[in-house]
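Given next are the chains, with one letter for each unit.
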Amino acid sequence: MLTALYKQHQVDQQKRRQGLEQRRHAALLAVASASDDVLDRVTRGANEVFQNQRALEAESQALQQEAVRFSRQTVQWLTLLDQFNASLKDLGDVEHWAQSLKNDMKLVTTSLEFITRPST
């Protein structure tokens, strides 16, 4: 009877050990799976951040090129505007010269008329 109880105890212990081993194995698998899931999410997140960074760098470079192009175009416009202003100034100078010439001619004409008029 004592031997039977001892054998029964050993069988129960063996079953507990097997159950414990199965649960340990299941826990290890669950931890490994959870670890893989977390790692995948982190990797996906890092990959997404990297892709966003590359896109931002590309957009930044395009914006910089556009700014350089705009700057060059602005310099061209300023040059044209300066040339236009110089032309307007020249036109004003010519207009002033023509007005001065007209006034001088009126003075000469008036003087000639005065000189050629018979004296009374």
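Up top you'll find the structure we're talking about.
What this report covers is the structure whose coordinates are included nearby.

Scoring rules and cut-offs
- Residues numbered from 1 in each chain as written.
- Predicted model: local features only at pLDDT ≥ 70, side-chain atom pairs only at ≥ 80, totals over all residues.
- Heavy atoms only, no water.
- Helix = DSSP H or I, 4+ residues; strand = E, 2+ residues; numbered from the N terminus.
- Rg over C-alpha atoms; globule rule 2.2 N^0.38 Å.
- Buried < 20%, exposed > 50% of the residue type's maximum accessible area, 1.4 Å probe, protein only.
- Lys, Arg positive; Asp, Glu negative; His and termini not counted.
- Charge placed at Lys NZ, Arg CZ, Asp CG, Glu CD.
- Salt bridge = Lys/Arg side-chain N within 4 Å of Asp/Glu carboxyl O.
- Patch = residues over 30% accessible without salt bridge, like charges linked within 9 Å, V, L, I, M, F, W, Y side chains within 5 Å.
- Areas by Shrake-Rupley, 256 points an atom, 1.4 Å probe, with all protein chains shown as cover.

## A short note on the overall build of the protein
Of the regular secondary structure elements, the protein holds one helix and zero strands. Taking 2.2 N^0.38 as the reference for a compact globule, 120 residues should give roughly 14 Å; the C-alpha atoms of the protein span a radius of gyration of 51 Å, well beyond that estimate. In terms of overall dimensions, the protein has C-alpha extents of about 175 × 20 × 5 Å along its principal axes. Relative to its 120 residues, the protein shows a buried fraction of 0%. Looking at charge distribution, the protein has the averaged site of its 15 positive side-chain charges lying 17 Å from that of its 15 negative ones.

## Quick look at the pattern of salt bridges
Per the stated rule, a full pass over the model turns up two salt bridges. Among the salt bridges present, the one from glutamate 21 reaches arginine 24, with a minimum N-O distance of 3.1 Å. You can see glutamate 21 and its partner arginine 24 sitting in helix α1 (residues 2–116), three residues apart, about one turn around the helix. Between arginine 69 and glutamate 66 there is a salt bridge; the shortest N-O distance is 2.4 Å. Of this pair, arginine 69 and glutamate 66 both sit in helix α1, separated by three residues, roughly a single helical turn.

## Here's the deal with a nonpolar patch on the surface
Side chains of Leu78, Leu81, Phe84, Leu88 and Leu91 sit close together on the surface and give an oily, nonpolar patch of about 490 Å² of accessible area. Position of leucine 88 among the secondary structure elements: in helix α1.

## Section: the environment of glutamine 99
Along the polypeptide, glutamine 99 turns up in helix α1. Sequence separation between glutamine 99 and alanine 4 is 95 residues; the distance between their C-alpha atoms is 139 Å.

As far as function goes, none of this settles anything; it's purely spatial.
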